[in-house]
Amino acid sequence: MSFARTKPLATSLRRDRWRDRSMNVLAQLKQAFHSALQGMVADPTPYLELIRPSQDAKFGDYQANCAMPLAKELGQKPRDIAQGIVERLDVSQWCDTPEIAGPGFINLRLRDEWIAQALGTVFADAQLGIVPTAEPKTVVVDYSSPNVAKPMHVGHIRSTVIGDSISRVLRFLGHRVVSDNHLGDWGTQFGMIIYGYKHFRNDEAYQVAPVAELARLYRLVRAVIDYHAAVLGVPAQEAALAKLVEQRTVAEQLAASTDAAEAKKGAADLKRLGSRIEASEEGLRATREKIALTEDSPEALARAQAHPNIATSVLDETAALHAGDAENRKLWEEFLPYCREDIQRVYKRLNIEFDEELGESFYQPWLGEVVEEFQAKGLARESDGAQCVFLDGFDTPMIIRKRDGAFLYATTDLATIRYRMKQWQPDAILYVVDHRQGEHFHKLFAAARAWGYDHVDLRHVAFGTVMGSDGRPFKTRDGDTVGLEGLLDRAVEKARSVVDENLEKSKDLVFSGEERQRIANVVGIGSLKYADLSQNRASDYTFSYDKMLELKGNTAPYLLYPYARVNGIFAKGDIDTEAFRATTPTISLDTPEERQLALKLLQFENALLDVTVDYLPNLLANYLYDLTSSFGQFYEKCKVLEAETETAKQTRLALCDVMRRTVRQGLELLGIEVVERM
RNA sequence: GUCCCGGUAGCUCAGUUGGAUAGAGCAGCUGACUUCUAAUCAGCAGGUCACAGGUUCGAAUCCUGUCCGGGAUGCCA
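To start, this report covers the structure provided alongside it. None of the values given here were measured: they were computed from a predicted structure.

The rules behind each value
Residues numbered from 1 in each chain as written. Chains lettered and ligands numbered in written order. Predicted model: local features only at pLDDT ≥ 70, side-chain atom pairs only at ≥ 80, totals over all residues. Heavy atoms only, no water. Helix = DSSP H or I, 4+ residues; strand = E, 2+ residues; numbered from the N terminus. Buried < 20%, exposed > 50% of the residue type's maximum accessible area, 1.4 Å probe, protein only. Contact = heavy atoms within 4.5 Å. Areas by Shrake-Rupley, 256 points an atom, 1.4 Å probe, with all protein chains shown as cover. Lys, Arg positive; Asp, Glu negative; His and termini not counted. Charge placed at Lys NZ, Arg CZ, Asp CG, Glu CD. Core = buried A, V, L, I, M, F, W, Y, C linked by side-chain atoms within 4.5 Å. Near = heavy atom within 4 Å. Polar contact = N/O pair within 3.5 Å; in protein donor to acceptor, adjacent residues only side chain to side chain. Nonpolar A, V, L, I, M, F, W, Y, C, P; charged D, E, K, R; others polar. Pairing = 2+ DSSP bridges. Axes fitted to C-alpha atoms, helices over the stretch in contact; angles between N-to-C directions. Parallel < 35°, antiparallel > 145°, perpendicular 65-115°, else oblique. Phe/Tyr/Trp six-rings, centres within 6.5 Å; stacked < 30°, edge-to-face > 60°. Lys NZ or Arg CZ within 6 Å of the ring centre and 35° of its normal. Salt bridge = Lys/Arg side-chain N within 4 Å of Asp/Glu carboxyl O. Left-handed = near helix turned anticlockwise from the far one by under 90°.

## What about the overall build of chain A?
Here is step 1: Counting its regular elements, chain A contains 27 helices and 13 strands.
Here is step 2: Across its three principal directions, the C-alpha atoms of chain A cover 85 × 70 × 70 Å.
Here is step 3: In chain A, buried positions account for 50% of the 678 residues.
Here is step 4: Sequence-distant contacts in chain A: of pairs separated by 6 or more residues, those separated by 24 or more amount to 73%.
Here is step 5: Summing over all exposed atoms, chain A offers an accessible surface of approximately 32,100 Å²; the carbon and sulfur share of this is 50%.
Here is step 6: Taking the average location of the 83 positive side-chain charges in chain A and that of its 98 negative ones, the two points are 2 Å from each other.

Right, dumping it as C-alpha cells:
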C-alpha cells in the first residue's frame, strides 16, 4: 500500500522557475506560453516544463515541445497546434518570430539587443540579477555526521561536500536553511577510548596534547580488537575461499561440456568466480598482514595477549556509559570537547561550518519516551523481546528497542525528527547519507509519517561509494579506510607540483613560494571537492588525484583559470575593477562567441534552480563547466584590450567581469575558493 | 530468496525527467604560443546506450522479461 504523499519541496521550488523576473528568460518565456495556452488547455502548467534550452544552436536558443503531447489531448495535428500557439503567443519583447520545425517544435531565437540589455542589467546588479525566492522554505540539511573520537576518513568526504553545497545553494536562493551535523558522539568508539584511557594512557602526553593522546588510544584499542578479530576470522575466510575454489572446479567441468548451453553457463560462472576468488584471496592476505603487524612487534603482541576479551570489555564500557555509570559519564564529558575540537580542524581546512552540531547524545534523554509513545499509539509491539515497528510494505520491522533494553539509531533518528519539527517547523529534512542506508530511511520515513509527521518532505539524498582505481571501495594498501586529512595533504601536495610546473612556463609573472603554496591549497582542496560535486551523486565515484587535477575537462583547475585570466586582462589594461563596475558600459553582441557567452551568463539562476529540484550539485558544476568552455572560445576569438571599437571593448570587459563574478559565486556555492592569479 | 541502485566510446563520466544527428575529458592522431596567461584553443578518429520485447508521432530515458555488477536484508551505524 502506498502512503499519502507529502508535497515535495521541489514542486514548489519548480514553480519559481516561471515567476516574473526581469533577467530569467526562461521564466519569462514560460509566462508568455502560459498566457498563450490558456483557453487551449485546462491547465497549461505541465506543458511549460517542455520549454527548454535548445540542444543545437541551429534550433534557436530555446525550444517549446508542447505541441506534440497536446496533439493527442486536443485531437489535432501537432503542427497545426504549434501554429495555433504561435499565433496566440507574444514573445516579441525577447525573441525573433518563432519558427515551427519538424513534427511541431517551436523554436525561439532571442534578439541580440535583448540579450545585450539583460547582460547590462546583470552587470549592474551585485546579486547577478538573482532575487530571493518569493516562497522561502525551511529546510534542515543533515550531513557529514562523523563519529567523533574516530579519525574522519574518505567515506565522510561526499556527505560533507554535497550537503554543504546543497545548503549553500538553498540559502543563496533565499530559503531558510538549518545545517545540522548529527555527530556520532554516543557510540562504541567512546567505549574504546574509555577502555584505552583506563588501560593504556600516557598521563604526560594527555596533559600536553589531549586530542592527540585520545586519537592514539583509539588507534591502539582498534588495533588490538582488529588483531583478535583477524585471528578469529582466518578460518572462516579460508573456508569461504576453499568453497569458491571448489565451485570453480565444478564450473571448469561445466565449461568443458559438449552441451553448448552448459558450456556457456560454465564460462560465465568461471569469470564471476575468478574475480571473487581474487577478492577473497586479497582479503585473506590483508587479514594476515594485519595479524603480522601485531605479531611482528613484541610490544603489540604482549598487549594483545594481555587483553584477550577487549571487544566485549569495550562494549561493557559503552553499556556502562549509557546506563549512567558515574566514572564513564565523567570521562565522556571530559573527552567530548577534545574530540569535537579535533574534527573542527578538518572542517576548517574544508571551509565548512554548521548551524547546529546536535549529536546523538543530545537526543538520548528522550529515547524512552519515543518508544513509549510508539507503544501507546499501537505503532510498536514486542516481538522476540524487542520493540518493533511493523510497517506496510516491508518484510522486516524497524526495531526501536533491543531485547536487552538498549536503543538503536532508529530510535535516535525518530527522536531527532520530533525535535527538529518542534524546533524549526521545517518544510523538508534532507539526509545526505550514503545509499546503503536507503532501506533504513524508507522505514524511518514511513514510521515518522505514521507517527504524525506527514506534512514534511523527508528525503534521503543518497550518494554512491568512493572507489579506488581497482574498482573496489577506496582503501589503503593495508585494506584500511583512507584518512581524510591524509587525503587533503596529498591533494595539496599534488596540486603544488602542478602549480610549480605550470608557473615555470610563465616568464613575466613572478610568484613567491608563499603564493604558490596558497594557490596549491585552493587548487588541491578545490579539486578534491569539485571532483566529487561534478559527478552525479547517485553514481559510485572513482577516486583519482590525477584526474581531479587535470587542467582540461570538467575539473576545478579548468574553472579557476578563466577567473585568473580575466584578472590578468584587467591588470594588463590597467582597468580599475570597482571604477569599471560603477560605469554603464555600452553592450553590443556582434560575434557568435560574445552572444553565446552572454546567453550562458543569463542562465545562472536556472542552473541553481535545477540543483534544488533533486538536490544535484553536479548540475551547477556542469553549468560552470559549460560557461567556462564558452569563455574559452570567446577568449580565443575576441581580443578585449585591443578590440576594434570602444563599444566592443566595453562589451567584452563587461562579459569578462560578469563571467568572473558568476564563476566566483558559483564556485562559492560549491564550497570552493578562487585565486586571483595562477 | 526478497528488495534497492546501476550497466552509455578503450578509460572516467554527462545526458536538462520522453524530443530533432547520444555529448565531454583522458588516452590516440593533426594543427595553433614575437599576441589580453598555451593551466588554453581548433580539428580527426572512436557508439548495437548490456540484451529481447512492448508503450507512441518520437525511447539511452517509461513498462515487462533475461543477463551482468554492486548494495541492503530482526536486535551495528
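## A look at the nonpolar core
Where a protein is soluble and globular, its nonpolar side chains tend to be buried together.
Here is step 1: Among the nonpolar cores identified, the biggest contains 165 residues, and Phe33, Ile85, Phe190, Phe335 and Leu620 are the most heavily contacted of them.
Here is step 2: Here this core gets 10 residues from one element, more than from any other, and that element is helix α10 (residues 210–255).

## Some points on the environment of Thr555
Here is step 1: Relative to the helices and strands, Thr555 is located in the loop between α21 (545–548) and α22 (556–572).
Here is step 2: Using a relative accessible area of 7% as the deciding quantity, one classes Thr555 as buried.
Here is step 3: Between the alpha carbons of Thr555 and Tyr530 there is a distance of 6.6 Å; along the sequence they are 25 residues apart.
Here is step 4: Excluding residues within four positions of it along the chain, Thr555 makes contact with Tyr530, Lys547, Met548 and Glu550.

## Re the protein's contact with RNA strand B
Here is step 1: In the region of RNA strand B, 64 residues are neighbours, and Lys58, Lys402, Leu551, Tyr561 and Asp614 sit closest.
Here is step 2: Here a phosphate oxygen of RNA strand B sits 3.2 Å away from a polar atom, N or O, in the main chain of Lys552.
Here is step 3: Where the surface near RNA strand B is concerned, the elements lending two or more residues are α4 (67–74), β4 (105–108), β8 (386–389), α19 (484–503), α22 and α26 (618–637).
Here is step 4: Residue classes in the surface near RNA strand B are distributed as 24 nonpolar, 18 polar and 22 charged.

## A look at the sheet that holds β4
Here is step 1: In spatial order, the strands read β1-β2-β4-β3; together these four strands make up an open sheet with antiparallel pairing. Bordering the open sheet on either side are β1 (51–53) and β3 (99–101), each of which pairs with just one other strand. Strand-to-strand, the axes of this sheet are offset by a mean angle of 30°, without reference to chain direction.
Here is step 2: Sheet topology places strand β2 (residues 62–64) next to β4; three bridges connect them, and they run antiparallel. When the bridges of β4 are listed, Gln63 appears paired with Asn107.

## Concerning helix α25 (residues 604–614)
Here is step 1: Among the 11 residues in α25, nine count as buried, and that is most of the element.
Here is step 2: Where α25 is concerned, the buried positions are Phe604, Glu605, Asn606, Ala607, Leu608, Leu609, Val611, Thr612 and Val613.
Here is step 3: Just past α25, the residue Tyr615 takes up positive phi, approximately 55°.

## Let's talk about the packing of helix α7 (residues 155–172) against helix α20 (residues 513–533)
How two helices sit against one another is set out by the angle between their axes and by the gap between those axes.
Here is step 1: It is the contact of α7 with α20, at a shortest axis distance of 10 Å, that shows an interaxial angle of 80°. Judged on the interaxial angle alone, α20 and α7 are roughly perpendicular. Counting all contacts with α7, which are made through Ile157, Arg158, Val161, Ile162 and Ser165, the residues of α20 involved are Leu528, Lys529, Asp532 and Leu533.

## Section: the packing of aromatic side chains
Here is step 1: Taken as a whole, this structure holds 30 aromatic pairs when the rule is applied.
Here is step 2: An angle of 80° between the planes, with centres 5.0 Å apart, marks the rings of Tyr347 and Phe354 as edge-to-face.
Here is step 3: A relative accessible area of 16% places Phe354 in the buried class.
Here is step 4: Centroid distance Trp451 to Tyr453: 5.3 Å. Interplanar angle 85°. Geometry classified as edge-to-face.
Here is step 5: Among the aromatic side chains, those forming a connected cluster through ring pairs are Phe362, Tyr363, Trp366, Tyr419 and Trp424.
Here is step 6: Sitting over the ring of Tyr545, Arg490 keeps its end group 5.9 Å from the ring centre.

## Quick look at the pattern of salt bridges
Here is step 1: If you walk through the whole model with that rule in mind, you get 43 salt bridges.
Here is step 2: Arg201 is paired through a salt bridge with Asp203; the nearest N and O atoms lie 2.7 Å apart.
Here is step 3: Residue Arg201 is classed as partly exposed on the basis of its relative accessible area, which comes to 36%.
Here is step 4: Looking at Asp203, the relative accessible area reads 40%, which means it is partly exposed.
Here is step 5: The partner of Asp657 in a salt bridge is Arg660, and the shortest N-O contact between them spans 2.8 Å. Note that Asp657 and Arg660 are positioned in helix α27 (residues 646–669) at a spacing of three residues, about one turn of the helix.
Here is step 6: Via salt bridges that share partners, Asp61, Asp96, Arg109, Asp112 and Arg595 belong to a single interconnected network.

## Some points on the packing of helix α6 (residues 112–124) against α27
Here is step 1: The N-to-C vectors of α6 and α27 enclose an angle of 55°; their axes lie 10 Å apart at closest approach. In terms of orientation, α6 lies oblique with respect to α27. Considering only the axes of α6 and α27, their crossing is left-handed. In this structure, α6 contributes Leu119, Val122 and Phe123 to the contact, and α27 contributes Ala654, Leu655, Asp657, Val658 and Arg661.
Here is step 2: The residue makeup of the contact of α6 with α27, split by class, is six nonpolar, no polar and two charged.

## A look at unusual backbone geometry
Here is step 1: Non-glycine residue Asn351 carries a positive phi angle of around 60°.
Here is step 2: With relative accessibility at 33%, the residue Asn351 sits in the partly exposed group.
Here is step 3: Look at Asp574: it is not a glycine, yet its phi comes out positive at around 55°.
Here is step 4: With respect to the helices, strands and loops of the structure, Asp574 is situated in the loop between α22 and α23 (577–582).

## Section: the environment of Arg248
Here is step 1: Relative to the helices and strands, Arg248 is located in helix α10.
Here is step 2: In this structure, the C-alpha to C-alpha distance between Arg248 and Leu270, residues 22 residues apart in sequence, is 6.1 Å.
Here is step 3: Setting aside residues up to four positions removed in sequence, Arg248 forms contacts with Leu270, Leu273 and Ile277.

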